[in-house]
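Listed below are the residues making up each chain.
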Amino acid sequence: MVSRRSITFILLMVVVGLNLRPAMSSVAPLLTRLQETAGLSATAAGLLTTLPVLFLGLFAPLAPILAKHFGSERTLSAALILLAAGLILRGLPLPGVLFVGSAMAGAAIGIGGTLLPALVKRELPDSADLLTGLYTMALCLGGALGAGLSVPLTQLLGSWQASLMSWSLLSLFALLVWHFNMPRTSSSALPAPANSGTLRLLKLPLTWHVMLFMGLQSSMAYIVFGWLPTLLVYRGYNEADAGWTMAVSIMCQLASALGAPWLARMGRDQRPALLLVLLSTGLGLWMLLIAPLVWKWPGAALLGIGQGGSFSLALSLLVLRTANSRLAGQLSGLVQGGGYTLAALGPFGVGVLLQAGADTGNIAWVLIVLITLCCGFALLAGRNQRLDDQTGKLQVQRITRSY
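Read on for an overview of the structure.

Rules of the game
Residues numbered from 1 in each chain as written. Predicted model: local features only at pLDDT ≥ 70, side-chain atom pairs only at ≥ 80, totals over all residues. Heavy atoms only, no water. 1 Å grid on protein atoms, 1.4 Å probe; cavity = no way out; pocket = protein on both sides within 12 Å on 5 of 7 lines; lining within 4 Å. Points joined across faces, edges and corners; volume = space filled by probe spheres on them. Helix = DSSP H or I, 4+ residues; strand = E, 2+ residues; numbered from the N terminus. Nonpolar A, V, L, I, M, F, W, Y, C, P; charged D, E, K, R; others polar. Expected span 1.5 Å × (residues − 1). Buried < 20%, exposed > 50% of the residue type's maximum accessible area, 1.4 Å probe, protein only. Contact = heavy atoms within 4.5 Å. Phe/Tyr/Trp six-rings, centres within 6.5 Å; stacked < 30°, edge-to-face > 60°.

**Some details on empty space enclosed by the protein**
- By the definition in use, this model includes six cavities of 30 Å³ or more.
- Along the walls of the largest cavity sit Arg 21, Leu 139, Cys 140, Ala 221, Tyr 222, Val 224, Phe 225, Ile 250, Gln 253, Gln 307 and Phe 311, which together make up its complete lining.
- Every element with two or more residues in the lining of the largest cavity is listed here: helix H8 (128–157), helix H11 (205–234), helix H12 (239–265) and helix H14 (296–320).
- Broken down by class, the residue content of the lining of the largest cavity amounts to eight nonpolar, two polar and one charged.
- The computed volume of the second largest cavity comes to approximately 90 Å³.
- In terms of lining residues, the second largest cavity is bounded by Ala 23, Met 24, Val 27, Leu 48, Thr 49, Pro 52, Val 53, Arg 90, Ser 102, Tyr 222, Phe 225 and Gly 226.

**Notes on helix H6 (residues 72–89)**
- The end-to-end C-alpha separation of H6 is 26 Å, in line with the 26 Å expected for 18 residues at 1.5 Å each.
- Of all the residues in H6, the buried ones are Ser 72, Glu 73, Thr 75, Leu 76, Ser 77, Ala 79, Leu 80, Leu 83, Ala 84, Gly 86 and Leu 87.
- Of the surrounding secondary structure, the elements contacted by the buried residues of H6 are helix H1 (4–17), helix H2 (22–25), helix H5 (62–70), helix H7 (97–123), helix H9 (160–166) and helix H10 (168–181).

**Quick word on the packing of aromatic side chains**
- Counted under the stated rule, the structure contains two aromatic pairs.
- Relative to Phe 59, the ring of Phe 55 lies with its centre 6.1 Å away and its plane at 20 degrees, an arrangement referred to as stacked. One end of the pair is Phe 55 and the other is Phe 59, both in helix H4 (residues 42–59) and four residues apart, which spans about a single turn.
- Ring plane angle 70 degrees and centroid distance 5.8 Å describe the contact between Tyr 222 and Tyr 340, whose orientation is recorded as edge-to-face.

Purely geometric stuff here, so don't read any function into it on its own.
And the structure:
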């Protein structure tokens, strides 16, 4: 029987998860408007979409350290405060604050997004991979709300600045709910003995396989978050239709985010499921950016199914590839830190390509090549192995099943 504490934690996880994507997805539908009204070049727009992802990657490795000193629960509260402050700051009529606020939001998301998988591993270890799917679904829903409501909020509130700032209300709501209902424990979710440093994980190939898979699939996701509406406008869509197309794609992520971990449990390991969702992502991008416009809705659905599933499985690997919550937290910090830092190159690279005169077809083929490369790391990361240090020595343990 599920305890009241478990149900409360699951609801808190969903509420917090809803806040970890609108900061990025809400900018994309307004990017063309920002280029016109704020005078941003394509490269500057690429930098704006890159900063949150870059700071997400830079701050994710700090989460285990902060959790060790202040506790995971209080650290997550601080991350929500930082997120709300960044969302408010980026809409103020001051020079440079759009970039500074975006960076602050990315840092907050990096800390919060690293802590939650380890908290899931601590609170509900036997169902950690399936609950990660539910958490990913909350992320996707937050991203869809950011993409779909960004332009309507601009029209309702009278300016893109007010639209961007309005998402701070959701963060403040999550802060209040989390602060008064968070699980109380005397120890951090990420306890670490003094003689077991996080960096020791970098000596094992498995860490790099998971990190590079996370980085490449995340790069696809943040390119979509940052640039898909603009690329669709270049294909002839109006601003609102482009935003809603991305919103529909993200909404399609909900089912695959929840279902992918179940699909992964049906095989001997996660490799078939990983390849399936990556194939769906590649087909979706081809339909949206290269194929005739009549393929718009199937392309949006396939892209969403692929990206929701790949991200859900990437987060599931953080708990499936570790034997306990401490290692899950350490691996989460390293993988999300290195992976998102790598992923930050994607949105900026698209801006540079557009500045150099590339069209949507050129960019689509570059993304498909990256997906092909991601498939290689999926074959390595999807094998049934996990990190274990129960004997006092960190090692890769082969397992017959992942759950």
